[in-house]
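# Structure at a glance
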Amino acid sequence: QLEGAGMRDLLRKMKPDHINDLVALVALYRPGPMDSIPKYIACKRGREKPEYLHPKLEPILNETYGVMTYQEDVMNIARELGGYSLGQADLLRRAMGKKIASEMAAHEERFVKGAEERGVAKGIAQQIFEQAAKFAGYGFNKGHAAAYAQVAYQTAFLKANYPVEFLAASMTLDIGNTDRLNIFRQEAQRLGIRVLPPDINRSDSFFTVDAEEKIIFYA
């Protein structure tokens, strides 16, 4: 999830200091929501302030600096501003995700009417709905993003603290994929880790690490 060049560049810009930052980035790094990443980073770094189309959005989006990030955000907005039930909000999320035009038109009318009844100006309600619809087409749910982020953090910890063992294990995992093995070999070279060729006296049926912190190629 985080090993691509684009994602690494964003991580350097973001300077995450909490697991929630990784969760948000995993969710945002996809078409549509990706446009909001610069705003998230700018707010996190203190260069900009979060912006909310309506004060009622702040309790929902304050964790992500006013940026719609998860499918749950859309559902909570529908409930708090549009008066939807949880089940109805999920139907809205599905309609937005699948871009079902007929359902979207009905939901927009219903959302705007419900928001007006709760003190939100019609124009603002329409803007919120349009923003949510644009996001939800590619939105990611928080549970999935959290699981990916946790695994990414754990593997990053292992690579940072046990790089030789981590690369040996990664190479064993992709033992039949020569393209991936070449990527790991290049990464080992970048980190100054030697990868020894197959040795009839030392190689095993998977990648191993010797006492001198070298990776022994499998045979």
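Attention here is on the structure that accompanies the text. (Residues numbered from 1 in each chain as written. Predicted model: local features only at pLDDT ≥ 70, side-chain atom pairs only at ≥ 80, totals over all residues. Heavy atoms only, no water.)

### Things to note about unusual backbone geometry
The condition that has to hold: In this text, helices come from DSSP runs of H or I with a minimum length of four residues, and strands from runs of E with a minimum of two, each type numbered from the N-terminal end. Each residue is placed in one exposure class: buried if its accessible area under a 1.4 Å probe, protein chains only, is under 20% of its type's maximum, exposed if it is over 50%, and partly exposed if it falls in between.
Within the chain, Lys15 stands out as a residue other than glycine whose phi angle is a positive 55°. Along the polypeptide, Lys15 turns up in the loop between helix H1 (5-14) and helix H2 (19-28). According to the relative accessible area criterion, Lys15 is partly exposed, its value standing at 48%. The phi angle at Tyr65 is positive, at roughly 55°, despite the residue not being glycine. Relative to the helices and strands, Tyr65 resides in the loop between helix H4 (58-61) and helix H5 (71-82). Classification of Tyr65 by relative accessible area gives partly exposed; the value is 21%.

### Comments concerning the packing of aromatic side chains
For clarity, the cut-off: Only the six-membered ring of Trp is used, alongside the rings of Phe and Tyr, when aromatic pairs are assigned; centres must lie within 6.5 Å, and planes under 30 degrees apart are stacked while those over 60 apart are edge-to-face, with the rest tilted. We call a charge positioned above a ring when the Lys NZ or Arg CZ atom is no farther than 6 Å from the ring centre and deviates by at most 35 degrees from the ring normal.
Evaluated as defined, the whole model comprises six aromatic pairs. A centroid spacing of 6.0 Å and a plane angle of 15° characterise the contact between Phe140 and Tyr148, whose relative ring orientation is stacked. The exposure class assigned to Phe140 is buried, which follows from its relative accessible area of 14%. Judged by centre distance (5.5 Å) and plane angle (20°), the ring pair of Phe217 and Tyr218 falls under stacked. Taking relative accessible area as the criterion, Phe217 reaches 24% and is therefore assigned partly exposed. You can call Tyr218 partly exposed: its relative accessible area is 26%. Note that Arg110 overlies the ring of Tyr84, its terminal NZ or CZ placed 4.7 Å from the centroid.

### Observations regarding the nonpolar core
Note the cut-off: Among buried residues, the Ala, Val, Leu, Ile, Met, Phe, Trp, Tyr and Cys ones that are joined through side-chain atoms within 4.5 Å form a nonpolar core. By definition in these notes, contact holds between two residues if any of their heavy atoms fall within 4.5 Å.
Ranked by size, the top nonpolar core spans 25 residues in total, and within it Met68, Ile77, Leu81, Met96, Phe111 and Ile128 carry the most contacts. Taken together, the elements giving at least two residues each to this core come down to H4, H5, helix H6 (86-98), helix H7 (101-117) and helix H8 (122-136). Element by element, the count of residues in this core is highest for H8, at seven residues. Residue contacts for Met96: discarding those within four places in its chain leaves Val74, Met104, Phe129, Ala132, Ala133, Ala136 and Gly137. Counting residues in hydrophobic clusters, the runner-up holds 21 residues, among them Leu22, Val23, Ile41 and Val67.

### Focus: the pattern of salt bridges
Quick note on the threshold: Whenever Lys or Arg places a side-chain nitrogen within 4 Å of a carboxyl oxygen from Asp or Glu, that contact is recorded as a salt bridge.
With the rule as written, the count across this model stands at 15 salt bridges. Glu212 is the partner of Lys214 in a salt bridge, and the nearest nitrogen-oxygen pair spans 2.9 Å. Several salt bridges converge on common partners, so that one network encompasses Glu3, Asp174 and Arg180.

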